[in-house]
Amino acid sequence: MTSPNILENVTFDSDGFLEDYLDWTPDIAEGIAAEEGIVLTDRHYIVINYARKIFAETGDAPTMRGITKNTDVSTKELYALFPKGPAKKAARIAGLKKPTGCI
Amino acid sequence: MKNIVILGAGTGGTMVANKLAHDLSPNEWKITIVDKDPRHFYQPGFLFIPFGIYTANDVIKPKKNFLPSTVNYVIGEIEIIEPAQTQVTLTDGSVLPYDYLVIATGTRLAPEEIEGMMGDGWYKNIFDFYTLEGATLLAKHLDKWQGGRLVVNVAEMPIKCPVAPLEFLFLADWYFTEKGMRDKVELIYATPLPGAFTKPVSTAVLQSTLDDKDIRVETEFDIMEVDNETQVIRSYDEREVAYDLLVTIPTNMGAKAIINSGLGNELGFVPTDPRTLQSKHHENIFVIGDAANVPTSKAGSVVHFELETVIENIKNHMAGLPLEPTFDGHANCFIESGHGKAYLIDFNYETQPLMGHYPIPRVGPFTLLEETRANHLGKLGFKWAYWNMMLKARPMLVSNQMSMAGKVPVSEN
Ligand SMILES: Cc1cc2nc3c(=O)[nH]c(=O)nc-3n(C[C@H](O)[C@H](O)[C@H](O)COP(=O)(O)OP(=O)(O)OC[C@H]3O[C@@H](n4cnc5c(N)ncnc54)[C@H](O)[C@@H]3O)c2cc1C
């Protein structure tokens, strides 16, 4: 397991999301996941990789619907992987900004 | 002769048709507008129908009354848009070629998106009020209802008029109080949001109103299914909320034709530049109103504020000029809070809802973020302004861009 100290080398915004998504590494993902009480598996990485790809293209993290429509992860599984607010939690672990969400 | 085709003759399409008919030369441009339904609905009025305050008569007028006679008005259903061919095909097979296209197809309610929503209880003890049919049937049901647990649930964000579910609860509290049966009714609001509303400042104000009215809020509730048998709604994280009467705001999606044409995002809303309101993918397509994916509220007031940007940028594009990034996300909504009072909130892409007076700084007559009788009258007056001023794209007292004069930003905490 990665030591949480790895998170001390990068900066987070006031919402606890990584300041620069290019600072992200899989080790950092593990560190943030550990804070959230999550152990990352290949299934988590399907979501994380998709979220990073969308963020690079659009500047915004994907919605839950976006994730479930474009990966083989169902909403039910998404909740199991990232309990309590999957879109937000997945974005944080993927090193992205807090999703703009809805107005 | 060149063609401008407007898809949808609701709030936005009607305003665009009036403005373009006024601004463009009829010898140069043929303006066509298409809609599948000949009736224009004043949708904000749907909120008042369940409580017997309005009936269908208050909210329906013929669409053609609001369209200029110089515009070619086609009643028909859009089947597919083909940007590569610059043409739109209707379900009856007719083809409308365009030089410019304005998409104003709004949102569609999709209760079928949630498992069990349209089961045995649909329109028996499960209703929506975002359609005329749902609101009318709910009025009949409430009239005879003996009380119990009334749950209002927002299935998924974004929804148009995100304050309407709260207004429904405030009005329900008032309605049952007037009927002398408030003590027989439990009011519960189950929302996917982390608080009562989408913006932190208004959430704080509205939360205290909910507390005062004894309305319980279940936050971060992402509905997975409706169990018609046991009368509970269940969330993805396995929470259950029991209901006797379920009032749902179903998933709001873009038109099927948008999705079938590959022009929509995962919910069928069109990717649109938030400042210029041009489609992100096709330079001769502009988008107004609920159909766009721009990050502001889906509301009639927003459509009104977007109008000038859309019209000016169509004309700029025709003249080969750069587009102006003039839309700032401006939205304002009256929030009916029951007992003859209402709140008013005003915000844009950057600024949280503000305290102050509106539209004239320090004078009003409307007070922002405070519950007053004048705001309530403003809300009712909106119906008159909608039918008589807005749809015809007549100038109104309010400006498109949000003004900071006379307003005090409220701190977020
Ligand atoms: C209960 C409720 C309360 C509201 N309260 C308020 C309020 O207080 N204040 C406020 O500002 N806003 C309010 N709104 C929101 C407001 O009504 C909408 O945001 C506004 O009407 C959106 O305008 P639009 O032109 O984008 O879409 P619409 O006015 O919905 O028009 C879309 C049009 O497209 C047509 N269409 C769609 N698909 C097709 C197709 N395939 N073929 C042909 N035609 C098609 C439809 O028939 C419709 O006429 C409320 C809405 C509801 C439901």
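What counts as what
- What you see as residue numbers is a count from 1 along each chain, following the sequence as written.
- Chain letters start at A and ligand numbers start at 1, both assigned in the order the entries are written.
- Local features in this predicted model are restricted to residues whose pLDDT is 70 or higher, and side-chain atom pairs enter the listing and the counts only when it is 80 or higher, whereas totals over whole chains, interfaces and linings include all residues.
- Hydrogens are left out, water is left out, and the side-chain values use all remaining heavy atoms of the structure.
- Each helix is a run of DSSP H or I of at least 4 residues and each strand a run of E of at least 2, with the numbering of both proceeding from the N terminus.
- Each radius of gyration reported is based on C-alpha atoms, and the globular scaling rule is 2.2 Å times the count of residues to the power 0.38.
- What makes two residues a contact is simply this: any of their non-hydrogen atoms within 4.5 Å.
- The term buried area denotes the loss of accessible surface (1.4 Å probe radius) that occurs when two parts are joined, taken as the sum for both partners.
- By convention in these notes, a salt bridge is any Lys or Arg side-chain nitrogen within 4 Å of a carboxyl oxygen on Asp or Glu.
- In protein, a polar contact requires one atom able to donate a hydrogen and another able to accept it; more generally it is a pair of N or O atoms within 3.5 Å, and residues adjacent in sequence count only if both atoms are side-chain atoms.
- Polar here means any residue outside two lists: the nonpolar Ala, Val, Leu, Ile, Met, Phe, Trp, Tyr, Cys and Pro, and the charged Asp, Glu, Lys and Arg; Gly therefore counts as polar.
- Burial classes: relative accessible area under 20% of the type maximum marks a residue as buried, over 50% as exposed, and values in between as partly exposed (1.4 Å probe, protein chains only).
- Multiplying one less than the number of residues by 1.5 Å gives the expected span of a helix.
- The score called pLDDT rates the predictor's confidence residue by residue, from a low of 0 to a high of 100.
- Whether two strands pair comes down to DSSP finding at least two bridges between them.
- To obtain an axis, a line is fitted to C-alpha atoms, over the contacting stretch when the element is a helix, and the angle between two such axes runs from 0 to 180 degrees between their N-to-C directions.
- The nearness test applies per residue and asks whether one of its heavy atoms lies within 4 Å of the molecule or strand.
- The method behind every accessible area is Shrake-Rupley, applied with a 1.4 Å probe, and residues are considered shielded solely by the protein chains displayed.
- Domain delimitation in this document rests on an assignment produced automatically or drawn from a domain database.
- Planes of paired rings set the category: under 30 degrees apart is stacked, over 60 is edge-to-face and the rest tilted, where pairs are Phe, Tyr or Trp rings (Trp by its six-membered ring) whose centres lie within 6.5 Å.

Student: Could you clarify how one ought to interpret the overall build of chain A in this entry?
Tutor: A count of helical and extended segments in chain A gives five helices and zero strands. Along chain A, helices (α) and strands (β) appear in the sequence α-α-α-α-α when read from the amino end. Relative to the compact-globule value of 13 Å for 103 residues, chain A shows a C-alpha radius of gyration of 13 Å, a close match. Viewed in the frame of its principal axes, chain A has a C-alpha envelope of about 35 × 25 × 20 Å.

Student: For this particular structure, what's the right way to read the interface of chain B and chain A?
Tutor: Interface size is often expressed as the accessible area that is lost when the parts come together. Across the contact, 21 residues belong to chain B and eleven residues belong to chain A. Carbon and sulfur atoms make up 56% of the surface buried where chain B meets chain A, a total of about 1400 Å² over both sides. On the chain B side of the contact with chain A, Asp222, Tyr236 and Glu266 of chain B bury the most area, a combined 42% of that side's loss. Linking chain B with chain A are three salt bridges, by the criterion used here. Between Glu113 of chain B and Arg65 of chain A there is a salt bridge, and its shortest N-O distance comes to 2.6 Å. Counting across the chain B and chain A interface gives five residue pairs in polar contact (both at pLDDT 80 or more). Partitioned by chemical class, the residues of the side of chain B that touches chain A number nine nonpolar, four polar and eight charged.

Student: Is there a simple way to think about the side chain of Arg234 of chain B in this case?
Tutor: Residue and element names in this part refer to chain B. Its place among the elements puts Arg234 in strand S16 (residues 232–235). Arg234 sits in the buried class, given a relative accessible area of 16%. Every residue in contact with Arg234, bar those within four places of it in the chain, is listed here: Phe221, Asp222, Ile223, Met224, Glu225, Asp227, Arg239 and Glu240.

Student: Please explain helix H5 (residues 200–212) of chain B as it appears in this structure.
Tutor: Think of an α-helix as turning once every 3.6 residues; residues three or four places apart then point the same way. Residue and element names in this part refer to chain B. With 13 residues, H5 ought to run about 18 Å at 1.5 Å a step, and its terminal C-alpha atoms sit 19 Å apart, in line with that. Within the sequence span of H5, burial applies to Val201, Ser202, Thr203, Leu206, Thr209 and Leu210. A positive backbone phi angle near 60 degrees is found at Asp214, which sits one or two residues after H5.

Student: Looking at this structure, I do not really get the confidence of the model for chain B. What am I missing?
Tutor: Low pLDDT means the predicted atomic positions in that stretch should not be read closely. Of the residues in chain B, 92% have a pLDDT of 70 or more, and the chain-wide mean is 92. Among the prediction metrics, the complex's ipTM stands at 0.81, with pTM recorded as 0.93.

Student: Which parts of the structure should I look at to understand the sheet that holds strand S5 (residues 72–75) of chain B?
Tutor: Remark on secondary structure: sheet strands pair via backbone hydrogen bonds, oriented parallel or antiparallel. All names here are of chain B. Strand order in the open sheet formed by five strands is S5-S2-S1-S9-S20, with parallel pairing between adjacent strands. If you trace the sheet from one side to the other, it starts and ends with S5 and strand S20 (285–287), each paired once. Averaged over all pairs of adjacent strands, the angle between their axes in this sheet comes to 20 degrees, without regard to strand direction. Here strand S1 (residues 2–7) runs beside strand S2 (residues 29–35); their pairing, made up of six bridges, is parallel. Its bridge partner being in S2, Leu7 is matched across the sheet by Val34. Relative to S20, helix H7 (residues 300–318) is tilted by about 170 degrees, and along the sheet it contacts S1, S2, strand S9 (100–103) and S20.

Student: How should the site of the ligand be read in this particular structure?
Tutor: All names here are of chain B. With respect to spatial proximity, 30 residues lie near the ligand, and among them Thr11, Gly12, Asp35, Asp290 and Ser301 are the closest. Thr11 has a polar side-chain atom sitting 2.7 Å from an oxygen atom of the ligand. Surface burial for the ligand is 93%, taken as the share of its 1000 Å² of free accessible area covered by protein chains. Every element with two or more residues in the shell around the ligand is listed here: helix H1 (11–23), H7 and helix H8 (373–390). Looking at the shell around the ligand, the element that brings in the most residues is H7, giving three residues. For the shell around the ligand, the domains that each give at least three residues are domain 1 (2–106 + 255–318) and domain 2 (109–251).

Student: Just checking my understanding: could you explain the sheet that holds strand S7 (residues 87–90) of chain B for this structure?
Tutor: Residue and element names in this part refer to chain B. Read across the sheet, three strands follow the order S6-S7-S8 without closing on themselves; strand pairing throughout is antiparallel. The open sheet is flanked by strand S6 (78–82) and strand S8 (95–97), the only strands paired with a single partner. Along the sheet, successive strands turn relative to each other by an average axial angle of 20 degrees, direction set aside. As judged from the three bridges shared by S7 and S8, these two strands associate in the antiparallel manner. Looking at the pairing, Thr89 lines up with Val95 of S8.

Student: What should I look at first to understand the pattern of salt bridges in this one?
Tutor: Two side chains that carry opposite charge are able to pair once their charged atoms sit near each other. One pass over the full model with this rule turns up 27 salt bridges over all chains. Between Asp13 of chain A and Lys97 of chain A there is a salt bridge, with its nearest N and O atoms 3.5 Å apart. Separated by 84 residues along the polypeptide, Asp13 of chain A in the segment before helix H1 (26–35) and Lys97 of chain A in the segment after helix H5 (86–93) bring together distant segments of the chain. Across the pair Asp237 of chain B and Arg239 of chain B runs a salt bridge, and its minimum N-O distance is 3.3 Å. Each of Glu35, Glu36, Lys89 and Arg92 of chain A takes part in a single network of salt bridges with overlapping partners.

Student: Any chance you could explain the domain arrangement of chain B here in plain terms?
Tutor: Residue and element names in this part refer to chain B. When its domains are assigned, chain B resolves into domain 1 (2–106 + 255–318), domain 2 (109–251) and domain 3 (331–412). Where domain 2 abuts domain 3, roughly 1500 Å² becomes buried across the two surfaces, and 68% of that area is made up of carbon and sulfur atoms. Our count for the domain 2 to domain 3 interface comes out at zero salt bridges. Our enumeration of links across domain 2 and domain 3 arrives at four residue pairs in polar contact (both at pLDDT 80 or more). Elements supplying a minimum of two residues to the side of domain 2 that touches domain 3: helix H4 (164–178) and H5. Considering every element that reaches the side of domain 2 that touches domain 3, the biggest residue donor is H5, with six residues. By residue class, the composition of the side of domain 2 that touches domain 3 is nine nonpolar, two polar and four charged.

Student: Can you walk me through the packing of aromatic side chains in this structure?
Tutor: How two aromatic rings sit relative to each other is set out by the distance from centre to centre and by the angle between their planes. Residues and elements named next belong to chain B. Going through the model one piece at a time under the given rule, you end up with 20 aromatic pairs over all chains. With centroids separated by 5.9 Å and ring planes inclined at 65 degrees, the aromatic side chains of Phe41 and Phe46 adopt a geometry described as edge-to-face. Of the two residues, Phe41 and Phe46, neither departs from the other in class, the shared state being buried. Ring geometry for Phe48 versus Tyr54: centroids 5.1 Å apart, planes at 55 degrees, classification tilted.

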